[in-house]
Amino acid sequence: MSPIEFDGSPTPTLGVEWEFALTDKVTGDLSNSAAALFAAVGEHHPDREGKIHKELLRNTVELVTGICRTTGEAIADLTDTLGVVRVLTEELGVDLYGAGTHPFAQYSTQLLTEGHRYAELIERTQWWGRQMLIWGVHVHVGISHRDKVLPIIDALLNYYPHLLSLSSSSPMWAGQDTGYASNRAMMFQQLPTAGLPFQFETWDQFEGFVADQMTTGIIDHLNEIRWDIRPSPHLGTIEVRVCDGMTNLGELSAIVALIHCLVVDLDRRFSAGETLPTMAPWLVQENKWRAARYGLEAIVILDADCAERLVTEDLHDLLERLQPIARDLGCVDELAGVASIIDKGASYQRQRAVYRDTHSMRDVVASVVAELD
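Residues numbered from 1 in each chain as written. Predicted model: local features only at pLDDT ≥ 70, side-chain atom pairs only at ≥ 80, totals over all residues. Heavy atoms only, no water.

Quick word on the packing of helix α4 (residues 146-156) against helix α8 (residues 249-271)
In contact at an axis separation of 10 Å, α4 and α8 are set at 125° when each is read in the N-to-C sense. Our classification of the angle between α4 and α8 gives oblique. For the pair α4 and α8, the crossing hand works out as right-handed. Between α4, through Asp147, Lys148, Pro151, Ile152, Ala155 and Leu156, and α8, the contact on the second element is made entirely by Leu262, Val263, Leu266, Asp267, Phe270 and Ser271. Looking at side-chain class alone, the contact of α4 with α8 contains eight nonpolar, one polar and three charged residues. (Axes fitted to C-alpha atoms, helices over the stretch in contact; angles between N-to-C directions. Helix = DSSP H or I, 4+ residues; strand = E, 2+ residues; numbered from the N terminus. Parallel < 35°, antiparallel > 145°, perpendicular 65-115°, else oblique. Left-handed = near helix turned anticlockwise from the far one by under 90°. Contact = heavy atoms within 4.5 Å. Nonpolar A, V, L, I, M, F, W, Y, C, P; charged D, E, K, R; others polar.)

Description of empty space enclosed by the protein
Under the defined criterion, the tally for this structure stands at one cavity of 30 Å³ or more. Of the voids in this model, the largest cavity is the one considered here, and its volume is about 30 Å³. Every residue lining the largest cavity is listed: Leu166, Ser167, Ser169, Gly245, Met246, Thr247, Glu251, Ile255 and Ser347. Counting residues per element, the ones that place at least two in the lining of the largest cavity are α5 (160-167) and α8. Residues of the lining of the largest cavity, tallied by class, amount to three nonpolar, five polar and one charged. (1 Å grid on protein atoms, 1.4 Å probe; cavity = no way out; pocket = protein on both sides within 12 Å on 5 of 7 lines; lining within 4 Å. Points joined across faces, edges and corners; volume = space filled by probe spheres on them.)

Let's talk about the side chain of Thr60
Along the chain, Thr60 turns up in strand β3 (residues 60-64). The class of Thr60 is buried, set by a relative accessible area of 5%. A polar atom in the side chain of Thr60 sits 2.6 Å from the side chain of Asn59. Only 2.8 Å separates the side chain of Thr60 from the side chain of Trp135, close enough to count as a polar contact. (Buried < 20%, exposed > 50% of the residue type's maximum accessible area, 1.4 Å probe, protein only. Polar contact = N/O pair within 3.5 Å; in protein donor to acceptor, adjacent residues only side chain to side chain.)

Regarding the side chain of Ser182
Among the secondary structure elements, Ser182 is positioned in the loop between β7 (176-177) and α6 (183-188). Of note is the side chain of Ser182, whose polar atom sits 3.2 Å from the backbone nitrogen of Ala185. A polar contact of 2.9 Å, which involves the side chain of Ser182, links it to the side chain of Asp244.

Thoughts on the packing of aromatic side chains
Under the defined criterion, the tally for this structure stands at 13 aromatic pairs. Between the aromatic rings of Phe198 and Phe200, the centroid separation amounts to 6.4 Å while the plane-to-plane angle is 55°, which identifies the pairing as tilted. Take Phe200: its relative accessible area is 12%, and that puts it in the buried class. When the ring of Trp289 is compared with that of Tyr294, the centres are 5.9 Å apart and the planes differ by 85°; the resulting orientation is edge-to-face. A relative accessible area of 31% places Trp289 in the partly exposed class. (Phe/Tyr/Trp six-rings, centres within 6.5 Å; stacked < 30°, edge-to-face > 60°.)

Printed below as a string of structure tokens:
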């Protein structure tokens, strides 16, 4: 069994990956125009190519930050790249669409990005792989030593429903309201290496798991483990992949700040000798389902004793408790934005309100696109 080296980060750095769909300005449907966008980036802004990434389908673009110290720095980085990309998308006649799913697009009309890795994924996963019209936000937080990684991930799972409820933006699928706040979360876990992480007690156990995956051909590379929260050993981070796509910079900054504060809080508590609280996998799984189904109206399980509480009530107390961490990390104002999401409603609620008023899923797409302004 080969050891997996964790290239620890000496400080709790931040990195953010923000996925967008490309939608046609006239029809609102998905547009397979990513190749043209990347060609335009290469021609006009070759210095930005490292911050604008391809994904599985040609209807998708991902904006990524460099290594940042604060939420404000990460959002400024994304804002800068976003400005460049939006000029190019205007010229191509497409919009950037930031929700977790598209309300009416059909998977059968989408084109695969060229590349062996993507073709192999579809060959293996077939119908489920072709269904992956989903977009999310991934947040990396730097961790100093590998021995902290798994305890922090296990404890962070207690806050899974908080993060998913706040970010839920995928209630509609193929022309129907699914009844879920986050249909994306339910869809993505159908891939064989996606979904909730296994809960390991030691790094050796994680290495043994990876060795089994590689020996049996389930994965060829570590990054093919697509868990909702996972170690990123080569970056020295924990990568939080819980969240649906986000429609605007304000909500993105709030949730990035919340993730940063949560990880740093758990890191400090572990470093101080505290045994971090965890829950059994079946409770974590139930919380994921409740958040995906009910969003901000979910009653979530809080601890191993099965205490329960409305997620928004628990979030209010959590925000208060994290204030000292937010001051240390320079994100007090951004963290305060979490309360604003609760007050005005999450994206899935706003999308449903538009549909109730207009009975038009095209108008839902327009409303999501407009929120980026």
